[in-house]
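Now for the letters of each chain:
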Amino acid sequence: MKEVLSLVQRISAHPDSRCWFVSWSPNGALLASCGGDKAIRIWGREGDSWICKTVLQDGHQRTVRKVAWSPCGNYLASASFDATTCIWKKKNNDFESLTVLEGHENEVKCVAWAPSGNLLATCSRDKSVWVWEVDEDEEYECVTVLNSHTQDVKHVAWHPKKELLASASYDNNICIYKEEDDDWECQATLQGHTSTVWSLCFDAAGERMASCSDDRTVKIWKEYPSENGQVTFCSFKGNLSWKCVCTLSGYHGRTVYDVAWCQLTGALATACGDDAVRVFKEDVTASPDEPVFSLVAQATKAHNQDANCVSWNPKEAGLLASCSDNGEIVIWRFKEEELD
Amino acid sequence: MASHFSGVLQLTDLDDFITPSQECVKPVKVEKKQGKSVAKIQIEDDGSYVQVNQDGGKQKLERAKITLNDCLACSGCITSAESVLIAQQSHEELLKVLRNNKTKETEQKIVVVSVSPQSRASLAAHYNLSSSEAGRKLTSFLKGLGVHHVFDTSFSRTFSLLESQREFVERFSRKEQDSKAVPMLTSACPGTYAHKTQQIITTRSPQQMMGSLVKSYFAEQQGLGPQQIYHVAVMPCFDKKLEASRSDFYLSKAETREVDCVITSGEVQKMLEEQNVSLSDVEPAALDTMFSSVCGDEFLSHAGSGSGGYLHHVFTYAAKQLFGEEVKELTYRTLRNKDFQEVRLEKDGAVLLCFASTYGFRNIQNLVQKLKRGKSPYHFVEVMACPSGCLNGGGQVRPSSSQNQKELLQQVEELYKAERPLLPENDTRVAELYESWLRTLGAERAKELLHTQFHAVEKMTNGLTIKW
């Protein structure tokens, strides 16, 4: 048996511009993409192929960098270089712009919904991370502004189980935030990458985090209760600390732009500046404190330009989407196949 | 170097090279001549820039200068020069002036230091004194260095409170005719008007009120020109340095600023340490009562918040003046977090007055967004850039090793509140100055001394520095 990454469909999604990001809806039926053409496209399956169901064109004045679905699937948030984050409400097969979140001083790089559905995080080139709260009247208010990074913040991601937020930055660090008293605080700064950290994600249980970087590695971090007085190479407050337990190096030829942890199978996918999409699997026999990941499948010429994003379908195991600077989206099937 | 300025006023956008940021609000005024011709720019041997027109004619180009003033409104390019900006106003400068007084015969200056009650409380906490004791000992220390007069900005704050009260009632009264009259936002905090604020009060902050008092009234009284006085303010934050350097507070005829230098509570502590002096060991001195609110040896303060009490006083005054209601005690309702509080005056189910205090960037954000959408229910908002207000300013004395910031703040708040409050209307010295001095100057001159102006600055958008 061998694992294979096979191409299902190649889509020219954002013609003549970059496709920056793809994100599956929580029920797995829709794929949202966004790009340099300032548009958001929603893709759905019709028979065996994926077709464009909706185009949201006039929400932003500049590139749309990331999109994120709310946990209930009824809202879509889009982060744009025009310094705003737009919240869209799903109405039948269409989306209408509900509100626009302003406040960041320049390009918004990421938006992410907390699993509770009440909180939203955004981050920007202005070095800050904002947490927003939405109330029953669909009104959004700023909860806090966090200034723990010293450079452009590229990505934010919420812990799947608790109200914990992680951010990745051009300053090579990862910050972990938690609510303390009546404000949010940076609980830990994870140092280890030697260049920009582009993305990060948690595993299904929230026990581990994967980060990827311009230093061409992927790091796996694990949460440990802190030992008294012990100083690890990440600074920490509170009673938990994150340590790097595994580094995947030598696999990626260029910057690793995105990493995605499949919530169903535990497989790890990466999108790389060497145009490839790769899938890693964890060796089940290895110790949990020293996990081992092996490269099990790759599409070395997944795109003919940088791969910017990978996303696993949350309901259909093995269904993976990637997108590229050439404006394309590719749908992949990752599965085990009989060796001939 | 980490930014000392309040979170709201952070100079951001550190880059590998300094370019005019898209955000730079320095309006570059260039005299443009009509014409389609493209001009070349050439650098001469002496480093100056000239524009070479198509006909060969050369025109020397003005150097674009960016000063401390400009950065007040900007989140642009000058992060690296922060250290320069701060150095221009430091305790070193004060010591230089004092040294100069001792050694040179010419250019002697009368040195006046105005201390804020928040700074006094901060130093009191650090040296385990009461706020008044700290004030008396500080007076003694400063005079020992050669300072001539030490005043207290609670005194000038009395003017700010009286003017704010009157300004609010005047604007509230015409809100039916003028939609922009309310809501009114305080402007005593320089960290907040960089923030696209709308209807801010024109009343001067206590610091700049003292500037008027010292460089106009006091100067005249002493027979001095304003430039012969070196006026220092001791403040709880760094943003106040930028306020002092605003061009609106520059006396162009005398070529001097109303407040020459602002130093923080932390910088005063540094001065003490450099002299190997512990404030607690200093013999207390008598207080200069000309511009200080004192009763015997004790300083007097104002009711309300540690950031000046604007909400408290304006609310109480407005309730009385507009609705005939005597408010004995204000009931504060905490909203989203403890830095966002609301006070209402209700009668027979109707809300007559709705006031709020919003401290800290996140709350100011929400306030500004609500104001933009016309969804704000407030008539008046006390806006401060620092979470927990001025007592927690960025320039206050840092906690010692045995204390954390929260404990220290609590101690500072207690020391501050221990000073007895005086109702602004009951301050006889202030009333005297209104009568004997301000009234004689006429309404326009009085307005100049008690109020200021705010200018909307156009943002320049250009295609430079688009980054991913």
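Residues numbered from 1 in each chain as written. Chains lettered and ligands numbered in written order. Predicted model: local features only at pLDDT ≥ 70, side-chain atom pairs only at ≥ 80, totals over all residues. Heavy atoms only, no water.

Caption draft 1: Representation of the overall build of chain B in the model. Of the regular secondary structure elements, chain B holds 14 helices and 17 strands. Residues classed as buried in chain B amount to 52% of the 468 residues present. Within chain B, counting contacts between residues at least 6 apart in sequence, those at least 24 apart form 73% of the total. Of the roughly 22,600 Å² of accessible surface on chain B, a fraction of 50% belongs to carbon and sulfur atoms. (Helix = DSSP H or I, 4+ residues; strand = E, 2+ residues; numbered from the N terminus. Buried < 20%, exposed > 50% of the residue type's maximum accessible area, 1.4 Å probe, protein only. Contact = heavy atoms within 4.5 Å. Areas by Shrake-Rupley, 256 points an atom, 1.4 Å probe, with all protein chains shown as cover.)

Caption draft 2: Region of the structure containing the sheet that holds strand β19 (residues 208–213) of chain A. Residues and elements named next belong to chain A. As summarised here, the arrangement of the four strands in space is β18-β19-β20-β22, forming an open sheet in which the pairing is antiparallel. A single partner strand is all that each edge strand has here, and the edge strands are β18 (197–202) and β22 (240–248). Here the strands of the sheet are splayed against their neighbours by 25° on average, with no regard to which way each runs. Taken together, the five bridges between β18 and β19 define a ladder with antiparallel strand orientation. Pairing of Val 197 across the sheet is with Ser 213, part of β19. (Pairing = 2+ DSSP bridges. Axes fitted to C-alpha atoms, helices over the stretch in contact; angles between N-to-C directions.)

Caption draft 3: Focus on unusual backbone geometry. With an omega of 5°, the peptide bond between Val182(B) and Pro183(B) qualifies as cis. Take Pro183(B): it is sitting in the loop between α6 (153–173) and β6 (184–185). Positive phi, close to 75°, is recorded for Asp275(A), a residue that is not glycine. Counting through the fold element by element, Asp275(A) comes out in the loop between β24 (268–272) and β25 (277–282).

Caption draft 4: Up close: the pattern of salt bridges. Under the counting rule described, the total for this entry stands at 49 salt bridges over all chains. The residue Asp182(A) makes a salt bridge to Lys338(B) at a minimum N-O spacing of 4.0 Å. Placement of the pair is Asp182(A) in the loop between β16 (174–180) and β17 (183–190) and Lys338(B) in the loop between β13 (333–334) and β14 (340–347), with the two residues belonging to separate chains. Look at Asp182(A) and you get partly exposed, because its relative accessible area is 24%. For the salt bridge of Lys222(A) with Asp289(A), the shortest nitrogen-to-oxygen distance reads 3.8 Å. Of this pair, Lys222(A) sits in strand β20 (residues 218–225) while Asp289(A) sits in the loop between β25 and β26 (293–299), placing them 67 residues apart in sequence. Assessed through its relative accessible area of 40%, Asp289(A) is described here as partly exposed. Salt bridges here are not isolated pairs; linked through shared partners, they connect Glu133(A), Glu141(A), Arg336(B) and Lys370(B). (Salt bridge = Lys/Arg side-chain N within 4 Å of Asp/Glu carboxyl O.)

Caption draft 5: Examining the sheet that holds strand β29 (residues 328–337) of chain A more closely. Residues and elements named next belong to chain A. Reading across from one edge, β1-β29-β28-β27 is the order of the four strands in this open sheet, with antiparallel pairing throughout. Unpaired on one side and paired on the other, β1 (2–12) and β27 (307–312) mark the two borders of the sheet. Across the sheet, the mean angle from the axis of one strand to that of its neighbour is 25°, orientation sign disregarded. In this sheet, β29 lies alongside strand β28 (residues 319–324) in antiparallel orientation, the contact comprising five bridges. Residue Cys 323 lies in a different strand from β29, and its bridge partner there is Ile 329.

Caption draft 6: Main features of the pairing of strand β12 (residues 129–134) of chain A. Residue and element names in this part refer to chain A. The buried count for β12 comes to five of six residues, which makes it a mostly enclosed element. Linking strand β11 (residues 119–124) to β12, which pair antiparallel, is a turn of four residues; within it Lys 127 sits at a positive phi near 75°. Where β12 lies against strand β13 (residues 140–146), six bridges are found, and the strand directions are antiparallel. When the sheet's bridge partners are listed, Glu 133 is paired in β13 with Glu 141. Linkage of β12 to β13, two consecutive antiparallel strands, is achieved through a turn of five residues, within which Glu 138 is found at a positive phi near 60°.

Caption draft 7: Local environment of the packing of helix α5 (residues 131–145) of chain B against helix α9 (residues 265–274) of chain B. Residues and elements named next belong to chain B. The contact between α5 and α9 brings their axes to 12 Å, and the two run at 60°. Classified by the angle their axes make, α5 and α9 are oblique. Crossing handedness for the pair α5 and α9: left-handed. Only Val 268, Met 271 and Leu 272 of α9 make contact with α5, whose side of the interface consists of Leu 138, Phe 141, Leu 142 and Leu 145. Looking at the contact of α5 with α9 residue by residue, the class counts come to seven nonpolar, no polar and no charged. (Parallel < 35°, antiparallel > 145°, perpendicular 65-115°, else oblique. Left-handed = near helix turned anticlockwise from the far one by under 90°. Nonpolar A, V, L, I, M, F, W, Y, C, P; charged D, E, K, R; others polar.)

Caption draft 8: Up close: the confidence of the model for chain B. Residue and element names in this part refer to chain B. The share of residues in chain B with pLDDT of 70 or more is 82%, and the mean pLDDT across the chain is 85. Counted against residues more than four places away or in other chains, residues 10–23, with its pLDDT under 50, gives 45 contacts. Counting interchain partners and residues more than four positions distant, the pLDDT-below-50 stretch residues 460–468 has 21 contacts. Reported confidence for the predicted complex is 0.84 by ipTM and 0.83 by pTM. (pLDDT = per-residue confidence, 0-100.)

Caption draft 9: Quick peek at the UniProt feature "repeat: WD" (unreviewed entry) in chain A. All names here are of chain A. As recorded in UniProt, the feature "repeat: WD" (unreviewed entry) lies at residues 22–43, 57–98, 101–142, 146–178, 190–222 and 300–340. Secondary structure across residues 22–43 comprises 0% helix and 59% strand; the distance between its end C-alpha atoms is 10 Å. With 0% helix and 57% strand, residues 57–98 has its two end C-alpha atoms placed 15 Å apart. (UniProt positions renumbered as here; feature names shortened; annotations may be inferred.)

Caption draft 10: How the structure looks around the state of the cysteines. All names here are of chain A. Per the counting criterion, the structure on display carries zero disulfides over all chains. Among the cysteines around Cys 244, which has no disulfide bond, Cys 246 carries the closest sulfur, lying 7.2 Å off. The thiol sulfur of Cys 309 is not disulfide-bonded, and the nearest other cysteine sulfur, from Cys 323, lies at 4.7 Å. In this structure Cys 309 comes out as buried when scored by relative accessible area, which is 0%. (Disulfide = S-S within 2.5 Å.)

Caption draft 11: Structural view of the environment of Leu409(B). Residue and element names in this part refer to chain B. As for its placement among the helices and strands, Leu 409 is situated in helix α12 (residues 405–417). For Leu 409, a relative accessible area of 12% gives the class buried. For the pair Leu 409 and Arg 398, spaced eleven residues apart in sequence, the C-alpha to C-alpha distance is 9.8 Å. Not counting chain neighbours up to four residues away, the residues in contact with Leu 409 comprise Ser 388, Leu 391 and Asn 392.

Caption draft 12: Structural context of the pairing of strand β5 (residues 49–56) of chain A. Residue and element names in this part refer to chain A. One ladder, built from seven bridges, connects strand β4 (residues 40–46) with β5; its direction is antiparallel. Residue Arg 45 lies in a different strand from β5, and its bridge partner there is Trp 50. Where β4 hands over to β5, the hairpin turn is made up of two residues, of which Gly 47 adopts a positive phi near 70°.

Caption draft 13: Local environment of a nonpolar patch on the surface. Residues and elements named next belong to chain B. Together, Ile 41, Ile 43 and Tyr 49 line one region of the surface with nonpolar side chains, adding up to about 320 Å² of accessible area. Tracing the backbone shows Ile 43 in strand β1 (residues 40–43). With a relative accessible area of 55%, Ile 43 lands in the exposed category. (Patch = residues over 30% accessible without salt bridge, like charges linked within 9 Å, V, L, I, M, F, W, Y side chains within 5 Å.)

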